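# Summary of structural features
The lines below spell out each chain.
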Amino acid sequence: LRAFWGLGDTAAPQTFAHFSGNGDCVTLELQQPSQVDEVLFYTGLNTGNYTLSISNDGERFTDLAPIEQKYSALFAWQTAETEPFSCRYVRLIADRELYLGALVLRNAGGEALPLSASDENGAALIDESEVVPAEPTYLNSTYFDEIYHARTAKEHIDGVYPYEVTHPPLGKLLMGIGIRLFGMTPFGWRFTGTLFGVLMLPILYVFLKNMFGKTEVAACGTILFAAEVMHLTQTRIATIDTYGVFFILLMYFFMYRYLTLPAGTSFAKGTLPLFLSGLFWGLGAASKWTVFYAGIGLALLYFMGFYQKLRDWPEDGEVSAGPWAARTLLFSVLCFVLIPFAIHPAAYIPYAQAREVELFAHSDTNGLALLFQNVWGKFTFAGEGKFE
């Protein structure tokens, strides 16, 4: 419960005005000419600039300072850098395709001035006054690396080709579960990661209990992990690190379960821990690239254990070492190579769907081409694999 307490607001603008960037504008009207001391707005997808203009008669407009919708502050409440002004009408014109969730004008006392709109696009900016916060904070806006990952999770849901492609998509797809359940809100985009952080605790407890065989040690280790500041903080931020750690913990746990099987154990008894270890390695590698490095350690442990089992194989055992070794190696290829390398391209299906191409189509623009283009970009910072 502590992890979810104060996680973030459960409400945020859900309807957005869509600016095509073709010179279309939104005009809002105050009830009477009023003094405006603060302009608050809530950003949506895409980056660009709005021209904010004011007028007293609705015909002759004066441009104020442009409002920037930058990549580092999407799905966040922002305050426009404008001097106080007086007007009856305000108009917004976007320089490209942009989505804006809300526009709020406040007087010197911090009170929101009532606005009206003449069309549906303008109404989307003023129809959720109940979610307007007193001030922008992490509770109502994206912060830290949420500016990449929460945005990309929403893009996957909306079928938009993602902005952040420096890591595989699965972590953002998992993040999207919370968004689908609770909306594109701070609580929604942080929910799944926080849940995974909580689920790490019983996994770690069982892992430690298996390793040391003592309840006191397992409980102590789990409590220390739960109280550790970085674990609590990191899992409450909508980033993909949580998913990587979660799957690393599981893949090493099941590898440990396999390694503790005594030499001479039948092939069948080792299949489940090997399968689960490989499965979670594949899921982790499809969530964040750093899990690949954890896979190196996993491979070292596997081959060390494999060698030790052959070395200690009982001569009078019911199972022969040769057939066991052959079957285990072949099964391991399935678990640690074929399955993970099937999961990875499958995670990129939203990329292909956003470009309206098939994953395995026979063309230069199929989904696999997009996959290799992004994988190559991870290591070269070229093409699709860099921040734009």
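Residues numbered from 1 in each chain as written. Predicted model: local features only at pLDDT ≥ 70, side-chain atom pairs only at ≥ 80, totals over all residues. Heavy atoms only, no water.

### Observations regarding the pattern of salt bridges
Oppositely charged side chains can form a pair if their charged atoms are brought close together. Overall, the coordinates contain 10 salt bridges when judged by the stated rule. Arginine 106 serves as the salt-bridge partner of glutamate 38, at 3.3 Å between the closest nitrogen and oxygen. Taken together, the residues span a long stretch of sequence, with glutamate 38 in strand β3 (residues 38-43) and arginine 106 in strand β9 (residues 98-106) at a distance of 68 residues. Linking arginine 60 and aspartate 57 is a salt bridge whose minimum nitrogen-to-oxygen distance equals 2.9 Å. Arginine 60 gets classed as exposed once you look at its relative accessible area, which sits at 67%. Judged by its relative accessible area of 33%, aspartate 57 is partly exposed. (Salt bridge = Lys/Arg side-chain N within 4 Å of Asp/Glu carboxyl O. Helix = DSSP H or I, 4+ residues; strand = E, 2+ residues; numbered from the N terminus. Buried < 20%, exposed > 50% of the residue type's maximum accessible area, 1.4 Å probe, protein only.)

### Examining the pairing of β3
Within β3, five of the six residues are buried, which leaves the element mostly enclosed by the surrounding structure. One ladder, built from six bridges, connects β3 with β9; its direction is antiparallel. Paired with tyrosine 42 across the bridge in β9 is alanine 102. Where β3 meets strand β7 (residues 77-79), three bridges bridge the pair, whose relative direction is antiparallel. In the strand pairing of β7, leucine 40 is matched with threonine 79. (Pairing = 2+ DSSP bridges.)

### Comments concerning a nonpolar patch on the surface
Together, Tyr293, Ile296, Leu300, Leu301 and Met304 line one region of the surface with nonpolar side chains, adding up to about 530 Å² of accessible area. Inspection of the secondary structure assignment puts methionine 304 in helix α9 (residues 290-311). Given a relative accessible area of 49%, methionine 304 falls into the partly exposed group. (Patch = residues over 30% accessible without salt bridge, like charges linked within 9 Å, V, L, I, M, F, W, Y side chains within 5 Å. Areas by Shrake-Rupley, 256 points an atom, 1.4 Å probe, with all protein chains shown as cover.)

### Considering the side chain of threonine 222
Checked against the element boundaries, threonine 222 lands in helix α5 (residues 215-227). Apart from the residues lying within four places of it in its own chain, the contact partners of threonine 222 are Leu201, Leu204, Tyr205 and Leu208. (Contact = heavy atoms within 4.5 Å.)

### Side note on the sheet that holds β9
Spatially, four strands are ordered β1-β9-β3-β7 in an open sheet, and the strand pairing comes out antiparallel. Of all strands in the sheet, those with a lone pairing partner are β1 (17-19) and β7, marking the two edges. Each neighbouring strand pair of the sheet contributes to a mean axis angle of 40°, computed without reference to strand direction. (Axes fitted to C-alpha atoms, helices over the stretch in contact; angles between N-to-C directions.)

### Some remarks on the pairing of strand β4 (residues 48-55)
Where burial is concerned, most of β4 is hidden: six out of the eight residues are buried. Where β4 lies against strand β6 (residues 67-69), three bridges are found, and the strand directions are antiparallel. Bridge assignment links glycine 48 to a residue of β6, and that residue is glutamine 69. Where β4 and strand β8 (residues 85-94) come together, six bridges link them in antiparallel fashion. Looking across to β8, one finds that tyrosine 50 is bridged to alanine 94. Bridge count for β4 against strand β5 (residues 62-63) is two bridges, and the pairing is antiparallel.

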